[in-house]
Amino acid sequence: ECLKGDAQAVEKLSEVVQQNPQIEASSYLPLIAAIIVAIFLMTPTNKLPTTLHELFSKLVLTCILHHLQARTEYRAIRSLTSFDDLPGDVQLSFDHLCRLAFDGLKKKKLSFSVDELGE
């Protein structure tokens, strides 16, 4: 359904997924399958990342890009291929969120409060 009945796209996606054992092994989960299709459709070359880490990194970068493009001061940004491509102020905020997540995992804490965002 995501590929709108495009048999050629279905064939290409199936071929690409089969070439990536990690991706293929996770594709039975509906959410992962939806992410795989979305990344496949967003990539002009129809290539997929080869690891789950790369897949989720691509997903996060895509979400950040869409968020940035909705804001006037970042509309000129057309792509993000790496977290290093983030604008300086966004990079600082992202680094802070990553630190909160990492520190939380070390403490076995799975959530944080709004108050912790401002620190």
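As a starting point, this report considers the structure included with it. (Residues numbered from 1 in each chain as written. Predicted model: local features only at pLDDT ≥ 70, side-chain atom pairs only at ≥ 80, totals over all residues. Heavy atoms only, no water.)

## So, the environment of Phe-56
Step number 1: Inspection of the secondary structure puts Phe-56 in helix α4 (residues 52-69).
Step number 2: The partly exposed category is assigned to Phe-56, whose relative accessible area is 32%.
Step number 3: For the pair Phe-56 and Ile-39, spaced 17 residues apart in sequence, the C-alpha separation works out to 9.6 Å.
Step number 4: Not counting the four nearest positions on each side in its chain, Phe-56 is found in contact with Ile-32 and Ile-35. (Helix = DSSP H or I, 4+ residues; strand = E, 2+ residues; numbered from the N terminus. Buried < 20%, exposed > 50% of the residue type's maximum accessible area, 1.4 Å probe, protein only. Contact = heavy atoms within 4.5 Å.)

## A word on the pattern of salt bridges
Step number 1: All chains considered together, the criterion is met by 4 salt bridges.
Step number 2: In this structure, Glu-73 engages Arg-71 in a salt bridge whose closest nitrogen and oxygen atoms are separated by 2.9 Å.
Step number 3: Judged by its relative accessible area of 36%, Arg-71 is partly exposed. (Salt bridge = Lys/Arg side-chain N within 4 Å of Asp/Glu carboxyl O.)

## A word on the layout of surface pockets
Step number 1: In this structure, the largest pocket occupies an estimated 410 Å³ of space.
Step number 2: Taken together, 20 residues make up the lining of the largest pocket; nearest its centre are Thr-43, Lys-58, Thr-62, Leu-80 and Thr-81.
Step number 3: Mapped onto the lining of the largest pocket, the elements with two or more residues apiece are α3 (30-42) and α4.
Step number 4: Per element, the largest residue contribution to the lining of the largest pocket is 7 residues, and it comes from α4.
Step number 5: The calculated volume of the second largest pocket comes to roughly 220 Å³. (1 Å grid on protein atoms, 1.4 Å probe; cavity = no way out; pocket = protein on both sides within 12 Å on 5 of 7 lines; lining within 4 Å. Points joined across faces, edges and corners; volume = space filled by probe spheres on them.)

## Here we look at α4
Step number 1: Counted at 1.5 Å a residue, the expected span for α4 with its 18 residues is 26 Å, and the 26 Å between its end C-alpha atoms agrees.
Step number 2: Against α2 (21-26), α3 and α5 (88-106) lie the buried residues of α4. (Expected span 1.5 Å × (residues − 1).)

## Describing the nonpolar core
Step number 1: Counting residues in hydrophobic clusters, the biggest one holds 14 residues, and the most contacted among them are Leu-13, Ile-36, Leu-48 and Leu-55.
Step number 2: Taken together, the elements giving at least two residues each to this core come down to α1 (7-18) and α3.
Step number 3: In terms of residue count, α3 provides more of this core than any other element does, 6 residues in total.
Step number 4: Setting aside residues no more than four positions away along its own chain, Ile-36 makes contact with Leu-13, Val-17, Ile-23, Ser-27, Leu-48 and Leu-55. (Core = buried A, V, L, I, M, F, W, Y, C linked by side-chain atoms within 4.5 Å.)

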